[in-house]
Amino acid sequence: MDVCSINNIARCLVNSGFDPALAQFITILLGVVVVASFPLVVVIFLIWVERKFAARIQDRIGPNRVGPYGLLQTVADAIKLIAKEDITPAGADRLVYNAAPIMAVMSVLLIWAVIPFSPIHVGVDLEIGALYFVAVASIATLAIMLAGWSSNNKYALLGAFRVVAQLVSYEVPLVFALLVPILFASSMSMQDIVHAQSGMWFFFMAPVAGLIFFISSQAETGRAPFDLLEAESEIVAGFNIEYSGMKFGLFFAGEFMHVLTNGVLMAVLFFGGWLGPLVEQAPIILGPLYLFAKSTFWYLLSLLIRNTVPRVRIDQLMDFNWKFLVPLSIVNFVVIAVLLRLCEALGIAPAAANANDFVANIPQTLVLLLGNAAIAAYVLNRLRRAGREQRLAEAGRTLAAVGEKAAVAH
Amino acid sequence: MNVLNEWAFVGVFFALSWALPALPIVAAVFFSPKKANAIKLQTYECGVETVGDTWVQFKVQYYLYGLVFLVFDVEMIFLFPWAMAYERLDTFQFFAGIVFIILLLDVLVYAVKKNVLEWS
């Protein structure tokens, strides 16, 4: 009989006299509980990290009273939120109003089902993992629309309209950037995507796609500079204005979790996920360690951007997406597809036998990098020119205004 | 795990991801005070009494963005299998995909030229 461990619970249960179907179900349930509760526990500390980080940037100390270094501040906040009166405004659609905050958390939580933590530990390695991610991530849009619509509040509805316009728009470049790792790996399974990066991380083959994915996932989270959903001066608080107590807290828990999830997805899709030295020898320790080391980088970068960049206007937000990110992501996808084909035709692509070899991947990576550099150079040049034209036009307007004033004075 | 078990996992996960966030809300029902009154339950619009119906007709611009998004979202679904089968594509199939994407780019140019994507 085997030694019972996390890897063979099902067999272990059958051996100790359980019905096979029941054993299978218990295994699934255990897996789900572990994977689903993990982000919910981590988010408690993430909120602390985020508040400390923001405080340091703003030259404050941040939470430091409850527990060592203020670590238990979030726990105290959660208890407070649970004990607060929960107000459902008159005229609200009760069912939808109560379901919306749960859906906001659910959409993020569901993504974790397909995240591979190590070579053997993954919630479920769906063959269509990437498509599943796109499907469940768009539930967040629905949650916000429902929250805004059901609150019976004009500000909430206005906020929801804006956010939904933003979220659906930024989904287009997000999915186009997501297609690039699928193209490289020839598979939609997250585990296959990670395995395909054992020769070379996809970020080095397609940095532009990686950055587009990062930017649009930042927008999908609704964080600065894309945090129009909480533009206090314009729409009070946006779609969640009528929410109080724990329901309000859940929207924010969902947002905090989403930031980490974005970091993890960046790591899995572009930075080799759990790959790293010696990972095959100690998958259960080193796999998650590498994964979270990589995602922490993107997580902190996201916090840095959130705390240092001003908010954009809504017309700028939509223009940035439809007239910059969408065409860029499409062109980038085409260029990468063509270059990859070219590499195969010219015989510089690594053969299937040594696809996992770092050196064999270098020529192809260089060709792709060159293509990316060309795209980036063209885009940056265009942006520079457009920016200068805009500045000149504005300077011209200011001059004209000054001239008019002078004429009036005379 | 076979395919059935994989989707059983997703199903259980789906159920649990409703249940877990619902827990604190249910807990709040037991621990929170309930002192509702008519004024407290009013719609909060900066203290001013709300005027008219909330569920109004919305700006057509949102609808146009929604339509353009729909075009892209539907077309992108076709690109997933193309990207997946990439290594097995012959030259014709490869260029068919490229032409398809370029047509998609054309849709975008058309929408921009028609001023659909103009926030006014």
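For every chain, the first residue of the written sequence is number 1, and numbering continues from 1 along that sequence. Here the convention is simple: chains get letters from A, ligands get numbers from 1, in the order in which they are written. At least 70 in pLDDT is required for a residue's local features to be given in this predicted model, at least 80 for side-chain atom pairs to be given and counted, and no such filter applies to totals for whole chains, interfaces and linings, which use all residues.

1. Observations regarding the overall build of chain B
Here's step 1: Each helix is a run of DSSP H or I of at least 4 residues and each strand a run of E of at least 2, with the numbering of both proceeding from the N terminus. In terms of helices and strands, chain B carries three helices and zero strands.
Here's step 2: Each helix (α) and strand (β) of chain B, taken in turn from the N terminus, gives the series α-α-α.
Here's step 3: For the radius of gyration, the atom set is restricted to C-alpha positions; the globular benchmark scales as 2.2 Å times the number of residues to the power 0.38. Taking 2.2 N^0.38 as the reference for a compact globule, 120 residues should give roughly 14 Å; the C-alpha atoms of chain B span a radius of gyration of 25 Å, well beyond that estimate.
Here's step 4: When its C-alpha atoms are laid out on the principal axes, chain B stretches across 70 × 50 × 15 Å.
Here's step 5: For every residue, the other C-beta atoms within 10 Å of its own C-beta are counted; 20 or more classify it as buried, 12 or fewer as exposed, and values in between as partly exposed. C-beta atoms are placed from the backbone. Within chain B, buried positions represent 20% of all 120 residues.

2. Details of the interface of chain B and chain A
Here's step 1: Placing a C-beta atom from the backbone of each residue, one calls two residues in contact when those atoms lie within 7 Å. Each side of the interface is counted separately: chain B has 54 residues, and chain A has 64 residues.
Here's step 2: Going through the elements one at a time, α1 (3-31), α2 (60-84) and α3 (91-113) of chain B are the ones with two or more residues in the side of chain B that touches chain A.
Here's step 3: In terms of residue count, the dominant contributor to the side of chain B that touches chain A is α1 of chain B (19 residues).

3. Structural notes on the confidence of the model for chain A
Here's step 1: Confidence scores here are pLDDT values: one per residue, from the predictor, ranging 0 to 100. Per-residue pLDDT for chain A has a mean of 86; in total, 96% of the residues score no lower than 70.
Here's step 2: Least confident of the elements in chain A is helix α11 (residues 232-235) of chain A, whose mean pLDDT is 61; most confident is helix α10 (residues 207-221) of chain A, at 92.

4. Section: the packing of α10 of chain A against helix α14 (residues 314-346) of chain A
Residues and elements named next belong to chain A.
Here's step 1: Throughout, an axis means a line fitted to C-alpha atoms (over the contacting stretch in the case of helices), and angles, computed between N-to-C directions, take values from 0 to 180 degrees. α14 packs onto α10 with a crossing angle of 150 degrees between their chain directions and a minimal axis gap of 10 Å. Handedness of the crossing formed by α10 with α14: left-handed. Contacts from Val208, Ala209, Ile212, Ile215 and Ser216 of α10 reach α14 at Leu325, Leu328, Ser329 and Asn332.
Here's step 2: Under the grouping applied here, Gly and all other residues not named as nonpolar or charged are polar, the nonpolar ones being Ala, Val, Leu, Ile, Met, Phe, Trp, Tyr, Cys and Pro and the charged ones Asp, Glu, Lys and Arg. For the contact of α10 with α14, the class distribution of residues is six nonpolar, three polar and no charged. Two helices that cross are described as forming a left-handed crossing if the nearer one is turned anticlockwise from the farther one by less than a right angle, and a right-handed crossing if clockwise.

5. What to know about the packing of helix α2 (residues 20-57) of chain A against helix α3 (residues 73-82) of chain A
Residues and elements named next belong to chain A.
Here's step 1: Between α2 and α3, whose axes approach to 8 Å, the crossing angle comes to 110 degrees. Here α2 lies roughly perpendicular to α3, going by the angle between them. Once α2 is placed against α3, the crossing between them reads as right-handed. Residue-level contacts link Ile44, Ile47 and Trp48 of α2 to Gln73, Thr74 and Val75 of α3.
Here's step 2: Per-class residue counts for the contact of α2 with α3 are four nonpolar, two polar and no charged. Orientation categories follow fixed angle ranges, with anything under 35 degrees roughly parallel, anything over 145 roughly antiparallel, 65 to 115 roughly perpendicular, and all other angles oblique.

6. Some details on the domain arrangement of chain A
Size of an interface, as often reported, equals the accessible area lost when the parts are brought together.
Residue and element names in this part refer to chain A.
Here's step 1: Along its sequence, chain A is organised into domain 1 (1-83) and domain 2 (88-409).
Here's step 2: In this entry, domain limits derive from an automatic or database-based domain assignment. Distance between the C-alpha centres of domain 1 and domain 2: 25 Å.
Here's step 3: Residue-level contacts link 16 residues of domain 1 with 15 residues of domain 2.
Here's step 4: Listing elements by their share of the side of domain 1 that touches domain 2, those giving two or more residues are α2 and α3.
Here's step 5: If one sorts the elements of the side of domain 1 that touches domain 2 by residue count, α2 sits on top with 12 residues.

7. Details of the confidence of the model for chain B
Residue and element names in this part refer to chain B.
Here's step 1: For chain B, the average pLDDT comes to 84, and 95% of its residues sit at 70 or higher.
Here's step 2: Taken element by element, chain B is modelled with least confidence in α1, mean pLDDT 86, and with most confidence in α3, mean pLDDT 90.
Here's step 3: The ipTM, which scores confidence in the relative placement of chains, is 0.90 for this predicted complex, and the corresponding pTM is 0.90.

8. Things to note about α3 of chain B
Here's step 1: The span one expects for a helix is its residue count, reduced by one, times 1.5 Å. With 23 residues, α3 of chain B ought to run about 33 Å at 1.5 Å a step, and its terminal C-alpha atoms sit 33 Å apart, in line with that.
Here's step 2: Three or more residues of α3 of chain B are buried, namely Gly97, Ile101, Leu104, Leu108 and Ala111 of chain B.
Here's step 3: The inward-facing, buried residues of α3 of chain B contact α14 of chain A together with α2 of chain B.
Here's step 4: Immediately beyond the C-terminal end of α3 of chain B, within one or two residues, lies Asn115 of chain B, with a positive phi of roughly 60 degrees.

9. Things to note about the environment of Lys154 of chain A
Here's step 1: Examined against the element boundaries, Lys154 of chain A turns out to sit in helix α7 (residues 154-185).
Here's step 2: In this structure the C-alpha to C-alpha distance between Lys154 of chain A and Gly238 of chain A, which are 84 residues apart in sequence, comes to 9.5 Å.

10. Some points on unusual backbone geometry
Residues and elements named next belong to chain A.
Here's step 1: Residues other than glycine seldom take positive phi values, yet Tyr69 does so here, at roughly 55 degrees.
Here's step 2: With respect to the helices and strands, the residue Tyr69 is situated in the loop between α2 and α3.
Here's step 3: Of note in the backbone geometry, Ser186 takes a positive phi value of approximately 55 degrees without being a glycine.

11. Considerations on the nonpolar core
Here's step 1: For this entry, the nonpolar core is defined as buried Ala, Val, Leu, Ile, Met, Phe, Trp, Tyr and Cys residues connected by C-beta atoms within 7 Å. Counting residues in hydrophobic clusters, the biggest one holds 144 residues, and the most contacted among them are Ala160, Leu179, Leu183 and Phe213 of chain A.
Here's step 2: Here the element with the most residues in this core is α7 of chain A; it accounts for 24 residues.
Here's step 3: Both of domain 1 (1-83) and domain 2 (88-409) of chain A provide at least three residues apiece to this core.
Here's step 4: Apart from the residues within four sequence positions on either side, Leu179 of chain A is in contact with Phe333 of chain A together with Leu79 and Ala83 of chain B.

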